Each structure stands twice: as structure tokens, then as C-alpha cells.
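# Architecture and fold: a report
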Amino acid sequence: MTTPEADQSQAPRPEERLEQAVRAAEQALIEYEIAVETFRVEVENFSRLHEQRLGPLYLRIEELDAEIAEAKAARTGDPEDIRRAAEARARVLPMPGVEDLLHGWMDGDGLFPEAVAMLTDQPVRPPQRVRPSEEARKLYRELARKAHPDLAQEEDERKRREEFLSRVNAAYARGDETLLAELAAEWAAGPVPPERRPSPAEELYARLEWLAQRKELLTLVARELEEGAIAGMLRLAPDDPDGLLDEIAERLRADIAQREAELAGLLGRD
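Rules of the game
- Residues numbered from 1 in each chain as written.
- Predicted model: local features only at pLDDT ≥ 70, side-chain atom pairs only at ≥ 80, totals over all residues.
- Heavy atoms only, no water.
- Helix = DSSP H or I, 4+ residues; strand = E, 2+ residues; numbered from the N terminus.
- Buried < 20%, exposed > 50% of the residue type's maximum accessible area, 1.4 Å probe, protein only.
- Contact = heavy atoms within 4.5 Å.
- Areas by Shrake-Rupley, 256 points an atom, 1.4 Å probe, with all protein chains shown as cover.
- Core = buried A, V, L, I, M, F, W, Y, C linked by side-chain atoms within 4.5 Å.
- Patch = residues over 30% accessible without salt bridge, like charges linked within 9 Å, V, L, I, M, F, W, Y side chains within 5 Å.
- Salt bridge = Lys/Arg side-chain N within 4 Å of Asp/Glu carboxyl O.
- Axes fitted to C-alpha atoms, helices over the stretch in contact; angles between N-to-C directions.
- Parallel < 35°, antiparallel > 145°, perpendicular 65-115°, else oblique.
- Left-handed = near helix turned anticlockwise from the far one by under 90°.
- Nonpolar A, V, L, I, M, F, W, Y, C, P; charged D, E, K, R; others polar.
- Lys, Arg positive; Asp, Glu negative; His and termini not counted.
- Charge placed at Lys NZ, Arg CZ, Asp CG, Glu CD.

Further remarks concern the overall build of the chain. For the chain, the helix and strand inventory stands at 11 helices and 2 strands. Along the chain direction, N to C, the helices and strands of the chain fall in the order α-α-α-α-β-β-α-α-α-α-α-α-α. When the 270 residues of the chain are sorted by exposure, 33% land in the buried category. Considering only contacts within the chain whose residues lie at least 6 apart along the sequence, 73% involve residues at least 24 apart. Here the chain has roughly 17300 Å² of accessible surface; of this, 54% comes from carbon and sulfur atoms.

In C-alpha cells, the structure reads:
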């Protein structure tokens, strides 16, 4: 038989349910942030590989279109054909003086990768594939869940986690399994953060509000990624985005062959 005093000592604290809600919201936000970050890496990698693999093919098509238009204009002498040829050639020519003006650091698309690497002390290492390997994804998710700054109670611990997670994000963006494994070992050997201390109800409510605001921000980021052209292309082949690049390349090569044949006919080479 228990005494009223014993029953009172076993009763839950008023903040207990609120603390549980905060912990659940924190974990949900972390999982959502991991999903957004992994998708962002895929979108950026696909964009970069799209440019690296397919950029020369697109440029070849533009050059052939300009040559075809010029050949037609030379044959007909029609002012409209001449105008179209000039427009097609203008699309191929680079913007005059851009590289000289910016001293080789950037072009119309932004900083060169070499310039970014120099400014951030990182080697130039383009991604090898759109989606990092399963092992890299597994390591990244585990590290993000363990080391996420939102789990920190003290400001110093939050800063330590932010710095560490930025290194994790950079390694994941490159698909560097070896570095991710090293970072996992580093985290396991690092200082153990102190246990969370009970927080006043006001602080817990403020925490929930901050988490909700953070989720709104992530939702906007995710929506922007989803609505982009690159994400639209990724949706065409969600299981094999790298294979999609090969398929597009084959179609572009067929377009190039068709244009080369059309140009040969205009120039009397067939």
C-alpha cells in the first residue's frame, strides 16, 4: 500500500509530456532535413554531371544549327534567312570580354569550380555520379542523426556540431565513403554531450515554435528544388538518374547526326 506522498512522487512532472513532444518534433525535423539534404545533393550532382556530359553535345547542336542557317542564307540570299543565320550564330558566340573582365574567376554561370576550391581550400573533385552510393548515404544519415546541432543544449556544443556537420555534408556531396567513415570514427571518439536538463515549460514552447519555423523554411527549400527543371528530369528516372544521362546523350548524338547530314546536303557533300 502506497502513501499519498509516494503517489505524488511517482506522478509525472507537468513538463514531461511537453518534453516528449519537443523530442519527437526534433527527431521529425532532423529526418526531414536529412531527406531535403540528400535530395539537394542529387539535384546539384545531376545538374553538374548534366553540364559536364551533355554540355559539349548541346554546344555541337547549336553550332550545327548556326552552320545550317548560314548555309541556307548563302543559298537563298533571302534577308529573313540572313537574319535567322545571324541570330543562330549569336547564340553560339560567347559573351565578349566576360572572362577578361572577371580575370578568369567566373563566367556567366558563376564562379569556376577551381575558383571555389581555391577560396574554400577544397580540392576540385567533381561528383562521379548523381546519387552517392548506398554506403555513403547510410553513413551520412547516421552521422546527421547523431551529430545534428538541433540536439545540442549548450551554445558551444551547437557550434561544435554545426562545424562537424558541415564537414559531413561536404563529404557526402562528393560521395566520399572513406572520409564519411573517418568522420563517423571521429564522432564516436569525440566528447559526449551532457544530458539534456529539464527545461521550463516556456522554453519548451519556444523550442516547439522554432522547430515549426525551421520546418516551414525547409519546406520552401524542398518546394524550390522540386519545382526546378533538374528535379523534373530526375523524376523521369528516379531509380537510375545516371542512366538517364546516358539516354539523353544517345538522343543528342542522333540529333547531331541528323543535323550533320542536313548540313552536308546543303553544302553539296552528299
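Structure's up, so let's keep going.
Counting residues in hydrophobic clusters, the biggest one holds 25 residues, and the most contacted among them are Phe-46 and Leu-54. Breaking this core down by element, the ones donating at least two residues are helix H2 (16-76), helix H9 (201-227), helix H10 (229-236) and helix H11 (241-266). With 10 residues, the single largest contributor to this core is H2. If sequence neighbours within four positions are ignored, Phe-46 has contacts with Val-130, Ile-230, Met-233, Leu-234, Pro-241, Leu-244 and Leu-245. Tyr-140, Ala-144, Ala-147 and Leu-183 belong to the second largest nonpolar core, which has 17 residues in total.

What follows deals with a nonpolar patch on the surface. Nonpolar side chains collect at one region of the surface, where Leu-217, Leu-220 and Val-221 lie side by side and expose about 250 Å² of accessible area between them. Structurally, Leu-220 is set in helix H9.

Right, let's talk about the packing of H2 against helix H3 (residues 79-92) for a bit. Interaxial distance between H2 and H3 falls to 8 Å at its minimum, and their mutual angle equals 160°. Between H2 and H3, the angle falls in the class roughly antiparallel. As for the relative orientation of H2 and H3, their crossing is left-handed in sense. The residues of H3 that touch H2, namely those facing Glu-62, Glu-63, Asp-65, Ala-66, Glu-67, Ala-69, Glu-70, Lys-72, Ala-73 and Thr-76, are Asp-81, Ile-82, Arg-84, Ala-85, Ala-88, Arg-89, Arg-91 and Val-92. By residue class, the composition of the contact of H2 with H3 is 7 nonpolar, 1 polar and 10 charged.

A separate point is the packing of helix H6 (residues 134-147) against helix H7 (residues 155-173). Contact pair H6 / H7: the axes reach a minimum separation of 10 Å and the direction vectors enclose 170°. In terms of orientation, H6 and H7 fall into the roughly antiparallel class. Between H6 and H7, the contacting residues are Ala-136, Arg-137, Tyr-140, Leu-143, Ala-144, Lys-146 and Ala-147 on the first element and Arg-161, Phe-164, Leu-165, Val-168, Asn-169 and Tyr-172 on the second. Across the contact of H6 with H7, the residue classes tally to 9 nonpolar, 1 polar and 3 charged.

So, on to a negative patch on the surface. A cluster of acidic side chains, namely Asp-239, Asp-240, Asp-246 and Glu-247, defines a negative patch on the protein surface. Structurally, Asp-246 can be placed in helix H11.

Tallying each qualifying case throughout the model produces 25 salt bridges. In this structure, the salt-bridge partner of Glu-42 is Arg-131, at a minimum N-O distance of 2.9 Å. Linking Glu-42 in helix H2 with Arg-131 in the loop between helix H5 (113-120) and H6, this pair joins segments that are 89 residues apart in sequence. The class of Glu-42 is buried, set by a relative accessible area of 8%. The partner of Arg-83 in a salt bridge is Glu-87, with the nearest N and O atoms 2.5 Å apart. Residue Arg-83 and its partner Glu-87 are both found in helix H3; the two are separated by 4 residues, about one turn of the helix. When its relative accessible area of 39% is taken as the criterion, Glu-87 is described as partly exposed.

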